Amino acid sequence: MCGIVGYVGSKEAADILISGLRRLEYRGYDSAGIAVFSDGEIAVRKEKGRLSDLEEYMKSAGTPYGNCGIGHTRWATHGEPSYANSHPHSAGRVTLVHNGIIENYIELKKDLEKGGYTFASETDTETAAALLDRLYKGEPIKAIAELTRKIRGSYALAILFSDRPDEIYAVRRDSPLIVGLSNGESFVASDIPAVLKYTRRYYLLDENEIAVLKESGVSVLSLEGESIDKEVFEANWSLEAAEKGGFEHFMLKEIYEEPEALKNTISPHMIGGLPDVLNLSLGDKRLAAVNKIHIVGCGTAMHAGLIGKTAIEKLARTPVEVSVASEFRYVNPIVDKNDLVIVISQSGETADTLAALRLAKKMGAYTLAVVNVVGSSIAREADGALFTSAGPEIAVASTKAYSVQSAVMYLFALRLALVKGTMNENEVAEKSAELAAMPKLIERLIRDLDPTCKKLAEQNKNTESLFFIGRGMDYSLSVEGSLKLKEISYIHSEAYAAGELKHGTISLVTDGVPVIAIATQTPLFEKMISNVKEVKARGAAVTLVCRTDAAIADDVYDNLVLMPEISDLFMPLALAPFIQLFAYHTSVIRGCDVDKPRNLAKSVTVE
Ligand code: M6R
């Protein structure tokens, strides 16, 4: 988490840093700060709260003018959000910003205190600044290399040395950094949107590399000080794609982008009407031999894995286990070298997912990443990658990424069914065509569902607790619906397998308690209606979501949402905008900060 940006060139650094931080605020917004070489000195401005608070503060404290600086937006880990804990942190000749966690900072701090250093903050970052100052004997590369040997944990650092004006140094481990390239100016940032306004060309900084940024250009060196040739990447995201494009919130824009994102994800993975999702190193032969699949991810990404599990087990009859990444690594997982481990991640930087991937690799399994960010750590470290083409997702609440991750799961399931022989070519082609037609259908559906969801949100805005119930894939979808609602509207919510309710949870269903019952899976429909009747009999206010042709008596629901005729298999793709728009409108009506919900950050790069 936390966003880092740095600029050196001939323009006003403060303006560029603030504009870059604005695009990184999704990574954390507990505080913001900048440090700029100004009149031969490093001037620091920082403030608790959002970037707008820093801007307000600079109106009175003054903007530091100069052409070289670093900036930071914080998601608090060590120490509460406060002025003292805000970055940049300075010690002696060093001023730096940091993303990540320095795990051994307490022992380092004790040692530094013995050496006379004092600390103003509770952060691990200030320890790194002090340690670097102690190691610095006028040779930045040597000092930074030594620092990387002494600190444990994850970090991305952008560093200024007071006696090296107009130079920025950057280094990383387990936290991302890109270096932006342009004529007469250089950039460093946690993510591409921060520099997109100025340049599309960039390097991906690797571990054990140190970038030196000057107005004249960038050099990348090894820890031993040897020059490294780097591949130049070209970002193909448009700036507008990273901005709101007329929508009130990024989340709404991103829901409306789902059809396009789905189209862009599905078409490149379809050849001759059949899904072609195979990375070169995982051919059909190896795939056919896979006995078991593990799907690992966090939050919404893991929920897309639940859709994947059902699709794979149903179509390819291959067992799948879905795990939360933060659990996977500590439960001594049983992973065989013939197993396939699929990790799902939008950002490609989620620390727990990355760690799970590394563990799976160590255990000898083939690892396949379903990931949105090309060049991210997960994309680079997995044996193979299937890219989702959602474009940048800025809102903390994941929406279009969920849809495209689910779509890739379907494509994968269909391919597996073909190579395993559980479906023939005609059957796979038929289902693939149905999947390829989904974006168009979803486009219309979003427009139809938007007002319905707004109305539902208005009805439920004051509720304290809400239940989603469903069976099969409807249950998997319910889990995501519940997460979305909690995350951005702060209403307590639970998702329950409808048949499991009466084993405990139904005791919470009393007069007027809202229940959203999703009943689109044909073979389970009658069972679902029985479960709906059970909650209705306890006074629940039921919103029933089912197919247009479903035979239902009107005394089982209070609200009815009808879904078009789509096969059971792909219904979650069509329902995703429903649960997302419902959460979105509820959040708006309750006056919550939709795109930046409290206590959260977009990219969770700490354990
Ligand atoms: O970048 P990732 O897909 O790895 O992120 C995983 C989760 O942190 C993420 O999906 C999170 O649950 C969303 N904010 C939920 O909307």
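Residues numbered from 1 in each chain as written. Predicted model: local features only at pLDDT ≥ 70, side-chain atom pairs only at ≥ 80, totals over all residues. Heavy atoms only, no water.

K.L.:
Lay out the nonpolar core in plain terms, naming residues and giving numbers.
P.N.:
Ile293, Leu340, Ile342 and Phe412 are the most contacted members of the largest nonpolar core, which has 115 residues in total. In contact with Leu340, not counting residues within four places along its chain, are Leu282, Leu287, Val290, Lys292, Ile293, His294, Tyr366, Leu368 and Phe412. If you look at the next biggest cluster of nonpolar residues, it comprises 32 residues, including Val94, Leu131, Tyr169 and Val171. (Core = buried A, V, L, I, M, F, W, Y, C linked by side-chain atoms within 4.5 Å. Buried < 20%, exposed > 50% of the residue type's maximum accessible area, 1.4 Å probe, protein only. Contact = heavy atoms within 4.5 Å.)

K.L.:
If you had to explain the packing of helix α15 (residues 473–489) against helix α17 (residues 571–589) to someone new, which residues and values would you point to?
P.N.:
The contact between α15 and α17 brings their axes to 9 Å, and the two run at 20 degrees. Our classification of the angle between α15 and α17 gives roughly parallel. The handedness of the crossing between α15 and α17 comes out as right-handed. Along its contact with α15, which presents Met473, Asp474, Leu477, Glu480, Gly481, Lys484, Leu485, Ile488 and Ser489, the element α17 presents Pro572, Leu575, Ala576, Ile579, Gln580, Phe582, Ala583, Tyr584, Thr586 and Ser587. Class assignment of the residues belonging to the contact of α15 with α17 gives a composition of 11 nonpolar, five polar and three charged. (Axes fitted to C-alpha atoms, helices over the stretch in contact; angles between N-to-C directions. Helix = DSSP H or I, 4+ residues; strand = E, 2+ residues; numbered from the N terminus. Parallel < 35°, antiparallel > 145°, perpendicular 65-115°, else oblique. Left-handed = near helix turned anticlockwise from the far one by under 90°. Nonpolar A, V, L, I, M, F, W, Y, C, P; charged D, E, K, R; others polar.)

K.L.:
Lay out the side chain of Thr350 in plain terms, naming residues and giving numbers.
P.N.:
Tracing the backbone through its elements, the reader meets Thr350 in the loop between β19 (340–345) and α11 (351–362). The class for Thr350 is buried, based on a relative accessible area of 13%. Looking at Thr350, its side chain comes within polar contact range of the side chain of Ser347, at 3.4 Å. In this structure, Thr350 is in contact with Cys298, Ser345, Ile378 and Val604, ignoring residues within four places of it in sequence. (Polar contact = N/O pair within 3.5 Å; in protein donor to acceptor, adjacent residues only side chain to side chain.)

K.L.:
So, the domain arrangement of the protein: which residues are in play, and what are the values?
P.N.:
Partitioning the protein into structural domains gives domain 1 (3–241), domain 2 (244–436) and domain 3 (449–593). Here the C-alpha centre of domain 2 lies 33 Å away from the C-alpha centre of domain 1. Listed as interface residues are 12 residues of domain 1 and, on the opposing side, 12 residues of domain 2. Buried area between domain 1 and domain 2, summed over both chains or domains, comes out near 1100 Å², and the portion from carbon and sulfur atoms is 54%. It is Tyr26, Trp237 and Ala241 in domain 1 that bury the most area against domain 2; as a group they hold 40% of the surface buried on that side. At the boundary of domain 1 and domain 2, one finds three salt bridges. Residue Arg358 pairs with Glu207 through a salt bridge whose shortest N-O separation is 4.0 Å. Summed over the shared surface of domain 1 and domain 2, the result is three residue pairs in polar contact (both at pLDDT 80 or more). When grouped by side-chain class, the residues that make up the side of domain 1 that touches domain 2 number seven nonpolar, no polar and five charged. (Domains from an automatic or database assignment. Buried area = accessible area lost by both parts, 1.4 Å probe. Salt bridge = Lys/Arg side-chain N within 4 Å of Asp/Glu carboxyl O.)

K.L.:
Give me the lowdown on the packing of helix α7 (residues 258–266) against helix α14 (residues 425–460), citing residues and values where you can.
P.N.:
Contact geometry for α7 and α14: axes closest at 8 Å, N-to-C directions at 175 degrees. Relative to α14, the element α7 is oriented roughly antiparallel. Judged by residue contacts, Glu258, Pro259, Leu262, Lys263 and Ile266 of α7 engage Leu435, Ala436, Pro439, Ile442, Glu443 and Ile446 from α14. Considered class by class, the residues forming the contact of α7 with α14 number eight nonpolar, no polar and three charged.

K.L.:
If you had to explain the sheet that holds strand β13 (residues 217–222) to someone new, which residues and values would you point to?
P.N.:
Here we have six strands laid out as an open sheet, ordered β5-β6-β7-β8-β12-β13, and antiparallel in their pairing. Each edge of the open sheet carries a strand with a single partner, namely β5 (89–91) and β13. Across this sheet, the average inter-strand angle for adjacent strands is 25 degrees, counted without regard to direction. The pairing of strand β12 (residues 209–214) with β13 spans six bridges and is classified as antiparallel. Considered in β13, the bridge of Val212 is made with Ser219. Packing of helix α4 (residues 124–135) onto the sheet brings it into contact with β5, β6 (94–102) and β7 (153–161), and relative to β6 it is tilted by some 130 degrees. (Pairing = 2+ DSSP bridges.)

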